[in-house]
Amino acid sequence: MDIRRLRYFLTVASEGQVTGAAKILNMERPPLSRRLKQMEQELGVTLFDRSGKRLKLTHAGEPLRQRAETLLQQFDETLLEVKELDAGVQGVLSIGAVVSCISLLPGPIEKFRAKYPGVTFKIREGDHFLLNEQMEKRNIELIVARLPFEAASASQSYSILPLPPDPFVAVLPSSWSMASPKSSMDMRELADYPFLSLKTDQTKRMHERVLREFRLYGYEPQVLCECSSVAIILALVVAGIGATILPKSVMASFPLTNIAMFDIDHPGFYSEVGIVWLKDRYLSRSARHFIDIFAE
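Treat the numbers as computed from the prediction; the structure is a model and nothing was measured.

## A closer look at the side chain of Ser94
Thought 1: When you line up the elements, Ser94 lands in strand S3 (residues 91-97).
Thought 2: Aside from chain neighbours lying at most four places away, what touches Ser94 is Lys122, Asn139, Ile140, Glu141 and Leu142.

## Topic: the nonpolar core
Proteins that are soluble and globular tend to have nonpolar side chains buried together.
Thought 1: Counting residues in each nonpolar core, the largest one holds 34 residues, and the members touching the most others are Leu105, Leu142, Ile143, Ile275 and Phe290.
Thought 2: Residue contacts for Ile143: discarding those within four places in its chain leaves Gly96, Leu131, Asn132, Met135, Phe149, Gly274, Ile275 and Val276.
Thought 3: If you look at the next biggest cluster of nonpolar residues, it comprises 30 residues, including Ala170, Leu190, Ile233 and Ala243.

## Let's talk about the pairing of strand S8 (residues 194-198)
Consecutive side chains of a regular strand alternate in pointing toward one face of the sheet and then the other.
Thought 1: When you tally the buried positions in S8, you get four out of five residues, the bulk of the element.
Thought 2: Relative to strand S9 (residues 222-227), S8 runs parallel, the two sharing five bridges. When the sheet's bridge partners are listed, Pro194 is paired in S9 with Gln222.
Thought 3: Note that the unit made of S8, helix H9 (residues 205-216) and S9 has a crossover that is right-handed.
Thought 4: Here S8 pairs with strand S10 (residues 243-247) via two bridges, running parallel. Considered in S10, the bridge of Leu196 is made with Thr244.

## Describing the pairing of strand S5 (residues 142-147)
Thought 1: The buried fraction of S5 amounts to six of the six residues, a majority that puts the element mostly inside the structure.
Thought 2: Relative to S5, S3 runs parallel, the two sharing three bridges. Within S5, the position partnered with Gly96 by the bridge is Ile143.

## Quick word on helix H6 (residues 128-136)
Thought 1: Regarding H6, the residues found buried are His128, Leu131, Asn132, Gln134 and Met135. Projected down its long axis, H6 shows its buried positions confined to an angular sector of 160°, all on one face.
Thought 2: Tucked into the core, H6 has its buried residues touching S3, strand S4 (119-125), S5, strand S6 (158-173) and strand S12 (270-278).
Thought 3: Where H6 begins, one side-chain oxygen reaches toward the backbone nitrogen of Phe129, 3.1 Å away; that side chain belongs to Asp127.
Thought 4: Just downstream of H6 lies Arg138, where phi reads positive at about 65°.

## Here's the deal with the pattern of salt bridges
Thought 1: Evaluation of the coordinates by the stated rule reveals 12 salt bridges.
Thought 2: The partner of Arg138 in a salt bridge is Glu141, and the shortest N-O contact between them spans 3.8 Å.
Thought 3: Across the pair Lys199 and Glu226 runs a salt bridge whose closest N-O atoms are separated by 3.8 Å. Separated by 27 residues along the polypeptide, Lys199 in the loop between S8 and H9 and Glu226 in strand S9 bring together distant segments of the chain.
Thought 4: By relative accessible area, which is 45% here, Glu226 ends up partly exposed.
Thought 5: Several salt bridges share partner residues, and in doing so they unite Glu62, Arg65 and Glu69 into one network.

## Regarding the packing of helix H1 (residues 3-15) against helix H3 (residues 29-43)
Thought 1: Where H1 contacts H3, the axes come no closer than 10 Å and their chain directions differ by 110°. In terms of their interaxial angle, H1 and H3 are classed as roughly perpendicular. Across the interface between the two elements, Arg5, Tyr8, Phe9 and Val12 of H1 pack against Leu32, Arg35, Leu36, Gln38, Met39 and Glu42 of H3.
Thought 2: Of the residues assigned to the contact of H1 with H3, the class counts are six nonpolar, one polar and three charged.

Definitions and limits used
Residues numbered from 1 in each chain as written. Predicted model: local features only at pLDDT ≥ 70, side-chain atom pairs only at ≥ 80, totals over all residues. Heavy atoms only, no water. Helix = DSSP H or I, 4+ residues; strand = E, 2+ residues; numbered from the N terminus. Contact = heavy atoms within 4.5 Å. Core = buried A, V, L, I, M, F, W, Y, C linked by side-chain atoms within 4.5 Å. Buried < 20%, exposed > 50% of the residue type's maximum accessible area, 1.4 Å probe, protein only. Pairing = 2+ DSSP bridges. Right-handed = clockwise from strand over helix to strand, strands pointing away. Arc of directions from axis to C-beta. Polar contact = N/O pair within 3.5 Å; in protein donor to acceptor, adjacent residues only side chain to side chain. Salt bridge = Lys/Arg side-chain N within 4 Å of Asp/Glu carboxyl O. Axes fitted to C-alpha atoms, helices over the stretch in contact; angles between N-to-C directions. Parallel < 35°, antiparallel > 145°, perpendicular 65-115°, else oblique. Nonpolar A, V, L, I, M, F, W, Y, C, P; charged D, E, K, R; others polar.

Encoded structure:
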C-alpha cells in the first residue's frame, strides 16, 4: 500500500465509477481496475460493492476512505510546509468572503501587498456553506464572514479571529426620508415601513438578529420580502419598494444614489465579523501573515 494507491482509491470512491476516476487520474480504465483489485487482495477485504450502476463503499471501504483522506491531507500539507521553508512569502493566497464582508478586504489587502509584493490573490464569494465546502477542499484557506459561522458542524473545528463589531444602519429610499433632517432612527420608526430582509435558504442568522431587535422593543416589522442577496435588497430600496437594515460596512461597496442611510439609536445593535479557518489544517505563510494584518 502506498500514497499513489490511496489516491486511486479515493478518486474512485468519490466518482463512484472507474471510468470517470481514470479520466481524472489521466490513466486507462483497465490498469486502474487492476490496482483496485490488488488493493483488495492485499488487504483481504472487498472495498467496493459492484452490484449497482455506481460503485459503493463496503463496510470495510468506508473506514479506509476516512483514514486515507486524513493521511493524504497530512501528506500534502507536509509537502507544502517543506516547500515553503525557503520560498519566503510568495505565491497565491486564496480567500473567501460573504458578499456583505467584501468591503472589509481592500484595506488589509493594500497593507499586505505593501509588505509582501510577491503574493497575488484569488477571492471567492459565497454563503457560509459554499465557502466552507471550498475551504475543506483547500480551494481557499481563509473566510471573512459574519459570525456565528453557520456552516460549523461537529465534524469540523474552526479557529476564528473576531474583527471590530459592524453597527447596523437603516437604509431607505431617499424620497421617503426627505422630510426628516435627522441622522438616526429607532426601531419604532422602522417598524412603520415595508421591510426587506436578508435571508437565504441556508443562512438566516442576520435575518433572525434583526427581527429579534425589533421584538426586543415590542415591534413586529412588516416583512414585505426576504431577499437572498444584498444587491437584490438595495435594488428594491432604490425602486422605493421598502426599507432595510444592513451592517454599515456593506454600504461601502454600493453607490448611495437614491438611498438614504441612518444610524440606529440602539446601543449594542451590531453584526459580529471574523476571519475563519480550519483549526487542524496547515496554513501557508501568506495566510498567516494576512491574518496578522487584520489583527494589527
